[in-house]
Amino acid sequence: ATTACQPERAELEVRTEVANAAATAADVVIETELLDARGRRVGAAKQAATVPAGGTWAGTSEMVVTKPQLWSPEQPRLHRAVTRLWSGGRLLDETVTTFGIRTVRVSAERGFELNGRSLKLYGGNVHHDNGPLGAAAFARAEERKVELLKAAGFNAVRTAHNPPSTAFLEACDRLGLLVMNELYDGWEKA
């Protein structure tokens, strides 16, 4: 999560959760490396933890990125957080998370703000399905849906009534579409 952002620096908070299925506690080292769109290292953190037997451990790392390349619908610059889990000098796991550095604020005075500037949202609603392809989430079909929305001049989309696929959300991040992720539109109480 981006906790603060100025043109010269962005402050990020990276949350990591580790699960231990073993019958004994595990001493681990969690390393997180931030890479920009070109693969250059722009931040890093390292912390040691003891994960209880059959349990989980969660922690946060704070990082600073100097001269951050911000994500926006016009310039959807993405970064990667590469998290590696080590124990006894052995690599146990590695996870790559793609994200954009950005700040969002909503106020009565200025409306919706992205990265400190007011932004009008132009968008529409989409369902989870892909027309004659049905409800299956084919990555290329999801990407094409986002391409069509962008070509129509949209910078935002509401996922109407159903959770969107991971492929759809990744295409929105990559191609520059803000998302209002609606789980469902039915409520039991007024």
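The residue numbers shown here count from 1 along each chain, following its written sequence. Residue-level local features of this predicted model are given only where pLDDT is at least 70; pairs of side-chain atoms are given and counted only at 80 or more, and the full residue set underlies all totals for whole chains, interfaces and linings. No hydrogens and no water enter the side-chain calculation; it runs on all heavy atoms of the structure.

Focus: the pairing of strand β2 (residues 9–19)
Note the following rule: For every residue, the accessible area obtained with a 1.4 Å probe (protein chains only) is divided by the maximum for its type, and the residue is called buried under 20%, exposed over 50%, and partly exposed between those limits. To qualify as a helix, a DSSP run of H or I must reach at least 4 residues; to qualify as a strand, a run of E must reach at least 2; elements of each kind are numbered from the N terminus. Paired strands are those between which DSSP finds at least two bridges.
By the alternation rule, side chains of β2 split into Ala10, Leu12, Val14, Thr16 and Val18, which are all buried, and Arg9, Glu11, Glu13, Arg15, Glu17 and Ala19, of which none is buried. Sheet topology places strand β1 (residues 2–5) next to β2; three bridges connect them, and they run antiparallel. Within β2, the position partnered with Cys5 by the bridge is Ala10. Of the pairings in the sheet, the one linking β2 to strand β5 (residues 56–66) comprises eleven bridges and is antiparallel in character. Residue pairing in the sheet places Thr16 in a bridge with Gly59 of β5.

Side note on the sheet that holds strand β7 (residues 90–99)
In sheet architecture, strand pairing relies on hydrogen bonds along the backbone and comes in two forms, parallel and antiparallel. Convention followed: Interaxial angles span 0 to 180 degrees and are taken between N-to-C directions of axes, which are lines fitted to C-alpha atoms, for helices over the stretch in contact.
With respect to topology, four strands assemble into an open sheet ordered β4-β3-β6-β7, the strand pairing being antiparallel. Strands at the two margins of the open sheet, each flanked by one partner only, are β4 (41–51) and β7. Averaged over all pairs of adjacent strands, the angle between their axes in this sheet comes to 15 degrees, without regard to strand direction. The sheet contact formed by strand β3 (residues 26–35) and strand β6 (residues 79–87) spans seven bridges and is antiparallel.

Description of the packing of helix α1 (residues 139–151) against helix α2 (residues 166–175)
Rule in force here: Orientation categories follow fixed angle ranges, with anything under 35 degrees roughly parallel, anything over 145 roughly antiparallel, 65 to 115 roughly perpendicular, and all other angles oblique. Handedness of a helix crossing follows the sense of rotation of the near helix relative to the far helix, less than a right angle counterclockwise being left-handed and clockwise being right-handed. Any two residues whose heavy atoms approach within 4.5 Å are treated as being in contact. When residues are sorted by character, Ala, Val, Leu, Ile, Met, Phe, Trp, Tyr, Cys and Pro go into the nonpolar class, Asp, Glu, Lys and Arg into the charged class, and all the rest, Gly among them, into the polar class.
The N-to-C vectors of α1 and α2 enclose an angle of 40 degrees; their axes lie 8 Å apart at closest approach. Between α1 and α2, the angle falls in the class oblique. As α1 packs across α2, the resulting crossing turns out to be right-handed. From α1, Ala139, Glu142, Glu143, Lys145, Val146, Glu147 and Lys150 reach across to α2, where they touch Ala167, Phe168, Ala171, Cys172, Arg174 and Leu175. Its residues assigned to classes, the contact of α1 with α2 comprises seven nonpolar, no polar and six charged.

Quick notes on the environment of Asn162
Mapped onto the elements, Asn162 comes out in the loop between β12 (156–159) and α2. Along the backbone, Asn162 and His128 are 34 residues apart, and their C-alpha atoms lie at a distance of 6.2 Å. Those residues in contact with Asn162 that lie beyond four places of it in its chain are His127, His128, Glu182 and Leu183.

Some words on the layout of surface pockets
Heads up, the rule is: Of the grid points, spaced at 1 Å and generated over the protein atoms alone, those admitting a 1.4 Å probe that cannot get out make up cavities, while open sets with protein on both sides within 12 Å along at least five of seven lines make up pockets; any residue with an atom within 4 Å of a point is treated as lining. Grid points are joined across faces, edges and corners, and a volume is the space filled by probe spheres set on the points.
Each pocket or cavity is described by its volume, and for the largest pocket that value is around 390 Å³. Lining the largest pocket are 21 residues, with Val14, Arg15, Thr16, Thr83 and Thr97 sitting closest to its centre. Mapped by element, the contributors of at least two residues to the lining of the largest pocket are β2, β3, β6 and β7. Taken together, the residues of the lining of the largest pocket sort by class into nine nonpolar, six polar and six charged. Along the wall of the second largest pocket there are 14 residues; nearest its centre are Arg102, Leu177, Leu178, Val179 and Met180.

Digging into the environment of Arg77
Its location among the elements puts Arg77 in the loop between β5 and β6. It is 6.3 Å that separates the C-alpha atoms of Arg77 and Gly100, two residues lying 23 residues apart in sequence. If near-sequence neighbours (up to four positions away) are discounted, Arg77 is found in contact with Gln69, Leu70, Trp71, Phe99 and Gly100.

Considering α2
Test applied: Comment: arc refers to directions from the helix axis out to C-beta atoms.
Three or more residues of α2 are buried, namely Phe168, Ala171 and Cys172. Along the long axis of α2, the arc covered by the buried residues comes to 100 degrees, so they all point the same way. In this structure, the buried residues of α2 make contact with β11 (123–126), α1, β12 and β13 (178–181). Two residues or fewer past α2, Gly176 is found with a positive phi of approximately 90 degrees.

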